[in-house]
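# Fold and geometry: a report
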Amino acid sequence: MINPLSASIAVEIKGVLAITNYKLNYTNLETQPVEAIYHFALPRAASLMACHVVVDHRSFTAEVMSRKDAAREYEEAIEEERRTVLVESLNDGLYAINIGNLDSQESIEIELQIAQILQATDLGKVLTYRLPTTIAPRYGTGSNDIEPEYYLFAQYPFHAEIHSEEPIVITHASHNIVAGDKKQTFSGLLDKDIFCSWSANAQEHYHAGTCAGKSYLLGYPSPSSNHTTGACQPDTEFHVLIDRSGSMSGQSIALTKVALNSLLEEIPEAVRINLSSFGCDVETLLPASSELSGDIRKRLRQCIACMNADMGGTEIVKALVASLKTLPESQETKHLIVITDGQVNINREELAAITLLSHKRNVIIHTVGVGYSVNEHLINQLADIAGGNSIAVNPHGELVATVKSFGHSLLGSIPFGSIQWQQSPDWLSVNKRYYPNSPQPVFATGEELAGAQDSSIAMGEKRTEEGKWAKAVVQLAAMRHMMNLGQGEAQQLAEQLGMLTRYTSFIMVDKTGEKINAEHRSMMVIPQSVGCCMESEIASYMPLTHSLNANIDYLDIPAFLRRDTNEGWHAESLLIKELDKLLWRPSKWTANYLLKKGLGTETVEQLKAIAESFEVALHVVALLYIYKLASYHSLSMSIKTQERILKEIGQLDDALEFRVAQLVEGDFAKS
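Residues numbered from 1 in each chain as written. Predicted model: local features only at pLDDT ≥ 70, side-chain atom pairs only at ≥ 80, totals over all residues. Heavy atoms only, no water.

Below, the discussion takes up the overall build of the chain. In terms of helices and strands, the chain carries 16 helices and 36 strands. Across the 671 residues in the chain, those meeting the buried criterion constitute 56%. Sequence separation of at least 24 residues holds for 76% of the intrachain contacts in the chain that already meet a minimum separation of 6. As displayed, the chain offers around 27700 Å² of accessible surface, 48% of which is attributable to carbon and sulfur atoms. (Helix = DSSP H or I, 4+ residues; strand = E, 2+ residues; numbered from the N terminus. Buried < 20%, exposed > 50% of the residue type's maximum accessible area, 1.4 Å probe, protein only. Contact = heavy atoms within 4.5 Å. Areas by Shrake-Rupley, 256 points an atom, 1.4 Å probe, with all protein chains shown as cover.)

See the structure below:
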């Protein structure tokens, strides 16, 4: 394979802020024009500030629009045979670049400007920059209708530079770095996360800025002189919950075992502890938490030594409930540390039940997401339930240090709840508890923020930013603010600040250049590199769409996709079971999605013909087909799924329903 993708990365560091200029260069090596899509990941708290496109030696700046309007402009540009680029947010830090009507042998450069706040650890004395560069294959399906594809021989090179306002000495990194005074350089392949750490004082300043009429601030707080770290009262009850599903095999489970042993070294004997592991089932070592005496410590080490990733799928809800129930109902603060790599989902009812149970038992949940495919939105939600910490780590470099620091930091914490701010902002986002070793940032509206005279938490000196740094401050804080706003307010704020969110997209249309003769345009997904050190474990990570062999025991398939090997397997059966998770998009990609899921080419072409004949979106006709075919195959459907389908289908023409019914009868007779 000739690799058509490369990247150049330039990172600027200022205090606890980083701005990354991420340039992706792509060449269409096909013999005809293409419409291509490339998936990429960012830290969940990062903000895409701007998008610039260079094609055919001409430069364009993408415009921020509502998601719906941007998608419409993109589709219109495709039909008008104009070059176009659409950048949109999919979910959980996953994004897609859609490149439309790129001519044969033509190259395009897409530059993304990304703002992020650096992670602080070790009493706020160590800062870490992290940039995901690849997406691991995820089992099951995602929430977008075009899944990332993977190719073992895709090797996309990159060159990177890190510039800092102050000299920094990088102590840990994912790549070999050539150090300078204020500039560090390195290179490699886009096959693993880029990260680097250095010593700094994250709590020395907080950043304030104004952009587009909005003022925000952010920064890491520190214990004030009125409440030193040494005065923290240690919390004395810990429960550690370990994911032992199939996808944790290899480096993930091996390093988790090392991390757990390191954690035991940090915890004194007076602390009560328990250990659970989960996959399809839950195993708990002790009936209740016990003080870490010599015998208990020995049992824990023996249990850790015997751990393997052999417990099946990632049934995290059952595991969370079982672990919480082992902890007593008391006013004493207790900690549940969850280590998982699962791309799993929890519905609102399940999350509400976990929230209620954790509050009833006064349990703070902390989450460590391992690897490239973890659901970052979920691990953040779980941590947000009661002011816990959440972090996603690279299993090959950060896991051991992260788990060890968690244990060290949780032994002493300061309640946040009683703080009275001298200047109360309209909106303030702050954890309920402060963990000295792993401080979490404060976000607020305005430019001033200071605790009361007797406050246990202090902010550093204010640093007022201008230009792109002010824009970075505002967008990062606004990203957090949007979690507390309704959809209408959030979309309005995103459009005002010119930022990409779940409600907005970047769109570029070439309205000045020549049109592309796209009569024979092909559609393709630019494949991801397979993550570093994953080649030997590729079978464990492959999604269901790659193969369905009844003789294979799928170790990491969620319950809603798992089946008995004696049952028949039909593409429509899979689709029915996935409906509650899918977010269909009315576009030409739907046909590709149906083909990938196993519907025959002839059937898909007939569905397309019906959709065009009645001027109805293809996904609506496809849902009607699935709904009718399900009854022929006697597939069971929940009331919720039926309601979802009927809502999507709406009021359709009787003639359309008759045509689809005829197609269903014919396909059923063939099967």
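Next comes the rest of the description.
Time to look at the packing of aromatic side chains. One pass over the full model with this rule turns up three aromatic pairs. Ring geometry for Phe40 versus Tyr95: centroids 5.4 Å apart, planes at 20 degrees, classification stacked. Residue Phe40 is found in strand S3 (residues 34-41), and its partner Tyr95 is found in strand S8 (residues 94-102); the two are separated by 55 residues along the sequence. Residue Phe40 shares its accessibility class with Tyr95, and that shared class is buried. Centre to centre, the rings of Phe158 and Phe186 are 6.0 Å apart; their planes meet at 80 degrees, and the pair counts as edge-to-face. In this pair, Phe158 is assigned in strand S13 (residues 157-164) and Phe186 in strand S16 (residues 183-189), connecting sequence segments 28 residues apart. Taking relative accessible area as the criterion, Phe158 reaches 4% and is therefore assigned buried. Looking at Phe186, the relative accessible area reads 6%, which means it is buried. (Phe/Tyr/Trp six-rings, centres within 6.5 Å; stacked < 30°, edge-to-face > 60°.)

With respect to the helices, strands and loops of the structure, Thr185 is situated in strand S16. When near neighbours in sequence (up to four residues on either side) are disregarded, Thr185 contacts His159, Ala160, Glu161, Asn176, Ile177 and Val178.

A few words on the pairing of strand S26 (residues 363-370). Burial runs high along S26: eight of the eight residues are buried. Burial along S26 is two-sided: the residues Val363, Ile365, Thr367 and Gly369 and Ile364, His366, Val368 and Val370 are all buried. With seven bridges joining them, strand S25 (residues 334-340) and S26 adopt parallel strand pairing. Looking at S26, one finds that Ile339 is bridged to Val368. (Pairing = 2+ DSSP bridges.)

What follows is about the confidence of the model for the chain. Of the residues in the chain, 75% reach a pLDDT of 70 or more, and the chain-wide mean stands at 78. Below pLDDT 50 for its whole length, residues 138-144 participates in 33 contacts with residues either more than four positions away or in separate chains. Note on residues 579-584: pLDDT under 50 across the span, and 23 contacts to partners over four residues away in sequence or across chains. (pLDDT = per-residue confidence, 0-100.)

Taken in spatial order, the eight strands of this open sheet run S5-S4-S9-S2-S1-S13-S16-S15, and their pairing is mixed. With partners counted over all chains shown, the strands left at the sheet margins are strand S5 (58-61) and strand S15 (178-179), one partner each. Note that strand S2 (residues 17-27) and strand S9 (residues 107-117) share eleven bridges and pair antiparallel. Looking at the pairing, Ile19 lines up with Ala115 of S9.

Two elements in contact, helix H4 (residues 316-325) and helix H5 (residues 348-360), have axes separated by 10 Å at closest approach and are oriented at 15 degrees. Regarding the angle of H4 to H5, the classification is roughly parallel. For the element pair H4 and H5, the recorded crossing hand is left-handed. Of H5, the residues touching H4 (which contributes Val317, Leu320, Val321, Leu324 and Lys325) are Glu350, Ile354, Leu357 and Ser358. (Axes fitted to C-alpha atoms, helices over the stretch in contact; angles between N-to-C directions. Parallel < 35°, antiparallel > 145°, perpendicular 65-115°, else oblique. Left-handed = near helix turned anticlockwise from the far one by under 90°.)

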